[in-house]
Amino acid sequence: MKLAVFILTLFTSLNAFASVNTTGIGFGVDNFLNANYAVTIFHNPTHTHEFTGVGLNFSPATSGGNLLLRKPASLSVDWSTADVGEDVYGVYAGQEFSADTITSGSLTFLGNGYSPANPFYLPTFSSLSSSIPRPYSTTGTFYLGFNSGQDFPIYVDGKLNRSIFGWAEFSYDATGITLISSAVTYDQAGIFNGTTNTLPVPESSSSAMLLAGLGMLGFMVRLRKSR
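Since this is a predicted model, take the numbers as computed values, not measurements.

For the rest of this paragraph, the subject is the overall build of the chain. Looking only at helices and strands, one finds three helices and 16 strands in the chain. Burial analysis of the chain (227 residues in total) assigns 38% to the buried set. For the chain, the exposed surface amounts to about 12200 Å²; the carbon and sulfur share of it is 59%.

Pasting the structure below:
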């Protein structure tokens, strides 16, 4: 009976590890390199292990008499810590943030410090495809998605080996950006931005974990009887 409780507790703890953490993202003024801000993601929901960081540069909107010279506020990725890395995406509330949406190209990749993309104009993404900057408002909110992993390698059999998916909502004005809320999920297939709703791991993986636990229980019971 004690063995059964132990296996059940172990299985429950493994699933609990995949829960959503609303304090997994750290944000503040950058004191490391040349960026305005630093965003960090803990590699473990208990915050007992290392974290990955990325630097963001914020540029306020510009104005002037010539509309062609006006530019909306923008962000760019400046650096990323040299471990498993942290990829940054422009996302919106309710959107699925997962390995599938990343590999499908449906998200706006902003960079990871090693391969920064073009500046991310705020508060919408439409200006990225416009040759003429539009005079957007100087205030608003926006979402960013942060994807990282808990270990190397980053790719396994051509698939992204990143089990950490997090989003953060920011507000901004002419003076800078402020973190409003965030959520991170570990060892799940993904998360829906702006929510704590996750995409569960495939059923086969969950079933395999349960069967492995039951198999271990049966083996230990048989071993105990043989003794």
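Our focus in this paragraph is the sheet that holds strand β10 (residues 140-148). Strands sit in the order β1-β14-β13-β10-β6-β8 across an open sheet of six strands; the sheet is antiparallel. A strand with exactly one partner marks an edge of an open sheet, and here the two such strands are β1 (20-21) and β8 (108-111). Summarising the sheet, β10 and strand β13 (residues 164-173) pair through nine bridges and their orientation is antiparallel. Bridge pairing in β13 places Leu144 opposite Ala168.

Looking now at the sheet that holds strand β2 (residues 25-29). Across the sheet, which stays open at both edges, the five strands sit in the order β2-β3-β4-β5-β9 with antiparallel pairing between neighbours. A single partner strand is all that each edge strand has here, and the edge strands are β2 and β9 (120-121). As judged from the two bridges shared by strand β5 (residues 74-80) and β9, these two strands associate in the antiparallel manner. Paired with Leu75 across the two strands is Phe120, which belongs to β9.

Further remarks concern the environment of Ser163. By secondary structure assignment, the location of Ser163 is in the loop between β12 (159-160) and β13. Once the C-alpha coordinates of Ser163 and Ser98 are considered, the two residues, 65 residues apart in sequence, prove to be 9.1 Å apart.

The next thing to look at is the confidence of the model for the chain. Confidence in the prediction for the chain averages 75 pLDDT; 64% of positions are at 70 or higher. With pLDDT under 50 throughout, residues 124-130 is counted as low confidence; its partners more than four residues away or in other chains account for 15 contacts.

Let's shift gears to the nonpolar core. Nonpolar side chains tend to gather and get buried jointly when the protein is soluble and globular. Counting 25 residues, the largest nonpolar core has Phe58, Leu75, Leu122, Phe142, Leu144 and Phe146 as the members making the most contacts within it. Within the residue set of this core, elements represented by two or more residues are β3 (37-42), β4 (51-59), β5, β10, β13 and β14 (176-186). If you look at the next biggest cluster of nonpolar residues, it comprises 10 residues, including Tyr89, Trp167, Ala183 and Ile191.

Looking now at the environment of Tyr89. Among the structural elements, Tyr89 can be located in strand β6 (residues 86-91). Tyr89 gets classed as buried once you look at its relative accessible area, which sits at 6%. It is 4.9 Å that separates the C-alpha atoms of Tyr89 and Gly145, two residues lying 56 residues apart in sequence. Discounting residues that sit within four places of it in the chain, Tyr89 has contacts with Phe97, Ile102, Leu107, Thr108, Phe109, Leu110, Tyr143, Leu144, Gly145 and Asn147.

With that settled, the discussion passes to the pairing of β13. In terms of residue burial, β13 counts as a mostly covered element, since eight of its 10 residues are buried. As defined by bridge partners, β13 adjoins β14 across 10 bridges and the pair is classed as antiparallel. In the sheet register, Ser171 faces β14, and the bridge partner there is Thr178. A loop of two residues connects β13 with β14, the two strands running antiparallel in sequence.

About the thresholds
- Residues numbered from 1 in each chain as written.
- Predicted model: local features only at pLDDT ≥ 70, side-chain atom pairs only at ≥ 80, totals over all residues.
- Heavy atoms only, no water.
- Helix = DSSP H or I, 4+ residues; strand = E, 2+ residues; numbered from the N terminus.
- Buried < 20%, exposed > 50% of the residue type's maximum accessible area, 1.4 Å probe, protein only.
- Areas by Shrake-Rupley, 256 points an atom, 1.4 Å probe, with all protein chains shown as cover.
- Pairing = 2+ DSSP bridges.
- pLDDT = per-residue confidence, 0-100.
- Contact = heavy atoms within 4.5 Å.
- Core = buried A, V, L, I, M, F, W, Y, C linked by side-chain atoms within 4.5 Å.

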